[in-house]
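# Descriptive analysis of the structure
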Amino acid sequence: MQTTQDITVTRSATEVVIVAPAYTLGVALARPRATIAGPDGEIWSDLSLLASVDRLGIPDESSGPTAVTVEEEPDGSVRVTVLTDSSAWATKAVVLHCLPGEVRARVEVTTEDDDARITDLTVFGGQATLPTGAAGTFRSGIRFPTVFVPTPTEPIQVVRPSNTQAQLGVVGDAEPGRLHGIFSPPPLVFALGRPSIAPDAPHGPTDMPVGDWLAVSVVAPIAQLGFTTFRYDAIDGGFLFRLTYEGHTRVRAGGWVSPEFVLRPAGAPLTAIRDYRDDLAARGWAAPAPEPAAWWYEPIFCGWGAQCALAVRMSHEGEALATDNADGFVLPAGAAFAPDLARQYLYDRWLRRLAERDIHPGTVVIDDRWQADYGTNSVDTEKWPDLRGWIDERHRAGQRVLLWFKAWDPAGLPPELTVRDASGRPVSVDPSNPAYLAALAEQVTRMISPDGLDADGFKVDFSQRAPSGVTLRTHDDDVWGISALHAIVRTIHVAAKAAKPDALVVTHTVHPSFSDVTDMVRLNDVLEDSVHGEPVPVGDQLRFRHDIAAAALPGHPIDTDQWPMPNRDEWLAYSRIQPELGVPALYYVESIDNSREDVTDADLDEIAALWRAYRAALGERTDKEPTTV
C-alpha cells in the first residue's frame, strides 16, 4: 500500500484500488472496468473504460485492452491509462486523472492520416470485441435510481429514472422528442444519484432533492465544444455518454484529445451546477458577470404574448381587425398569424392601454417579426413605417427598445454565407465563414448605432436551431455545434457594445462559458405537463429554471419571461412571483392566448402595483431612488 498525500493506492494481482476523500475507484488490470463508489463505499457504477471515437466512414471498434497502467504522479494525483487496439486510429487511450475530489477522464487518439473527421465520441462505453469473445456495445452499470437533467423538457421531469435517455445541447424545437432546447446550451452536466427521499414519497416534477449525487460534466474551452449534443445514453441497466460531432471536427496528422469528463460527488443537483461553473472559471473558461447598467433591471414589456393572443382571438372569432393606424391596414378574418402582428400601430395600441393603467415598461421588446428577412434584419417597412422614429419616441418617454433576433436563420442571405445541405440548399447561417460574421457585425451596428435604428439591444432567440447533420457543408468544418453558436452570440455582443456600451444582449444560453457574451438570461418558453400528463404550475417551472440559471451564470440579471400562459389565473399567479426571480416581464395586454380570457383593467392595475413595489425594492437595494420612466 502506498499513500500519495490525500490519495491511498493499494495494488493486488488483479486490481488497483484508489481511495480519495471523495470517492473510491477500483481499477481492474485485466479488463476495461472500474468501480466507483462514494466515501461510504456504496457503488455508483461499475464503469466501462472503453470509448469509441468514430470517424467519417470508419467506425471505431476496440479490441483488448492491450494494457492498463496506474501511475502515481509527483503532485499526489494518480493517473490510470487504458490502451486498446482500434479499428479507426493508430493508438487509442482512455485516461483517468484521479484527484482528491474528482476523477477527470479523457480520450486520446493518434493517426497518420491528414484529414480524419470525428462523427461521434462515446465514453464510459463503446463498440468493442473483448478477449472473451463478447462483442457489440458495452456500457457502464447503473447502480443509481435517478439522473438529474438541467434543462427544461416536455414532458417535465427534472429528476428521472436512470434508464431514461436525456440530451443537452443546441439542437431542438417543438417537434416530438426535441423540446430539450429551451436552454441552448444548458450547463453540460448530468448528475447520477440517490436522492434523499423515499421511493414512494411525493415529489414534484421540478424538485431537485439533496442526496448522494455523482455529477458528470464536460469541461473544455469553448473552441473545443464542436459538438451539437451531449447525451446520457441509457438502456436497461447500462449507460454511456455521447458527444455528436457529425464529421465537422478534423483530426490532422498527429492526434486529438477529447474534452474532459469530470466525475465529482455533490450533495445536490444545484451544487453540481455551481461546481461545474467554478471548474470552468478556475481554468479561465467562464468569465465573471458583466457590470450591469441600471436600466437592465427595469420591467419589460414584450409584445409576443399580445401578438399571439390577438392572433388566436382573430382566428377563433372570425372578425377582421379594426385599426386606427394612418395607413388603414386591416387584417382579413382568417389571416391571423402571430408574427404578422408585430406591427407599429399595434405596439402603440398595447403601450397606450398599459399607460392608461399606469404601467410604464422600462424596456420594450419588439418581437417576431419586425424584419423583412430574418437573415438580413432589414426592417419590414409595411409593418414598421418608421421604426427609427418609433424608437426615438420610446427614448423620449424614458424607455429602451430591444429587437428580437432569430439566430441561425439564413433567409435573405447569399448562399455562400450559409450552411447548405447535400443539394446545395441553405439550412442556416454559417458562423464558420468570416464573411458571414462580418455581415452580422454590420447588421448589429446598423440596428444599434445612433446613426442607424438606435435600438438598445437584442433578445436573441432560437439558439437551439443549430444545424445538425453529417452531410451539411460549411466554410470551415472546425467551427460547429456549441462553439459555432458562441461565435454568433459573441459577434452580436461585441458589435453591440462597440456601437452602444450599455447595450443589452438577452439570451437563453445558460452555459457558464457564454457568460462573456450574455448580459441577461431569459428563462424562455413555458411548457405544460409532467410525465403523468398533469399540468405543472408555471411558477414551479420557472423557479427551477431560475435556480439553474443563477447557479450557472451567477450575477447575471434574469428575464423572467411570461409566454405562453395556460390561463388568466396562472398568468396572475406567475406575475406575483416574478419580482422574486428576476426582472418582471409582461407579455399580455388584452387577452390570454391559450384560454382566450380577457385581461381586465383590474388585472392590469395589479400588475401596475406589482411593478411599483418591484421598483421601490430595486431602489432600496441599490440605495438609489426608484427608477421612473
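This structure is a prediction, so every number in the text was calculated from the model and none was measured.

Residues L504 and V506 line one face of strand β32 (residues 504-507) and the alternating positions V505 and T507 line the opposite face, and both faces are buried. Two elements, strand β31 (residues 457-461) and β32, share three bridges in a ladder whose sense is parallel. The partner of K459 across the bridge, within β32, is V506. Handedness of the crossover is the feature at issue here: the chain leaves β31, passes through helix α6 (residues 481-499), returns alongside β32, and the resulting connection is right-handed. The sheet contact formed by β32 and strand β33 (residues 520-522) spans two bridges and is parallel. By the bridge assignment for β33, T507 is matched with V521.

Let us now look at helix α3 (residues 344-356). Given a rise of 1.5 Å per residue, 13 residues ought to cover 18 Å, and the 18 Å separating the end C-alpha atoms of α3 matches this to within 8%. The complete set of buried residues in α3 reads Q344, Y345, L346, Y347, R349, W350, L351, R353 and L354. Among the residues trailing α3, D358 stands out with phi positive, at a value near 65 degrees.

When you line up the elements, D54 lands in strand β7 (residues 51-55). Looking at D54, the relative accessible area reads 19%, which means it is buried. Here the alpha-carbon distance between D54 and G247, two residues 193 residues apart in the chain, equals 9.1 Å. Once residues within four sequence positions are removed from consideration, D54 is found in contact with P59, D60, R117, I118, T119 and D120. At 2.8 Å, the side chain of D54 and the backbone nitrogen of D60 are in polar contact.

Here we come to the confidence of the model for the protein chain. Residue-level pLDDT values for the protein chain average 93, and 94% of them are 70 or greater. Below pLDDT 50 for its whole length, residues 322-335 participates in 23 contacts with residues either more than four positions away or in separate chains. For the stretch residues 623-629, pLDDT sits under 50, and the model shows 14 contacts to residues farther than four places along the chain or on other chains.

So, about the sheet that holds strand β35 (residues 585-586). Here we have eight strands laid out as an open sheet, ordered β34-β33-β32-β31-β28-β25-β24-β35, and parallel in their pairing. Two strands bound the open sheet, and with one partner strand each, they are β34 (558-559) and β35. In terms of strand pairing, β33 meets β34 through two bridges, oriented parallel. Pairing of R522 across the sheet is with D559, part of β34. Against the sheet, helix α4 (residues 387-396) engages β25 (363-366) and β28 (400-406), with an angle of about 140 degrees to β28.

Applying the stated criterion across every chain yields a total of 49 salt bridges. In this structure, R522 and D525 form a salt bridge, with 3.1 Å as the shortest nitrogen-oxygen distance. Look at the salt bridges and you will find they share partners, linking E102, R104, E260, R264, D279 and R283 into a network.

Below, the discussion takes up unusual backbone geometry. Along the chain, D368 connects to R369 via a cis peptide bond; the corresponding omega equals -5 degrees. Mapped onto the elements, R369 comes out in the loop between β25 and β26 (371-373). Cis geometry marks the peptide bond from W563 to P564; its omega dihedral reads -15 degrees. With respect to the helices and strands, the residue P564 is situated in the loop between β34 and α8 (568-581). Positive phi outside glycine occurs at F124, with the angle close to 55 degrees. Inspection of the secondary structure puts F124 in the loop between β12 (116-123) and β13 (125-129). In this structure F124 comes out as buried when scored by relative accessible area, which is 4%. Positive phi, normally seen in glycine, also occurs at N524, with a value near 75 degrees. Considering the arrangement of structural elements, one finds N524 in the loop between β33 and α7 (538-552).

Calculation rules
Residues numbered from 1 in each chain as written. Predicted model: local features only at pLDDT ≥ 70, side-chain atom pairs only at ≥ 80, totals over all residues. Heavy atoms only, no water. Buried < 20%, exposed > 50% of the residue type's maximum accessible area, 1.4 Å probe, protein only. Helix = DSSP H or I, 4+ residues; strand = E, 2+ residues; numbered from the N terminus. Pairing = 2+ DSSP bridges. Right-handed = clockwise from strand over helix to strand, strands pointing away. Expected span 1.5 Å × (residues − 1). Contact = heavy atoms within 4.5 Å. Polar contact = N/O pair within 3.5 Å; in protein donor to acceptor, adjacent residues only side chain to side chain. pLDDT = per-residue confidence, 0-100. Axes fitted to C-alpha atoms, helices over the stretch in contact; angles between N-to-C directions. Salt bridge = Lys/Arg side-chain N within 4 Å of Asp/Glu carboxyl O.

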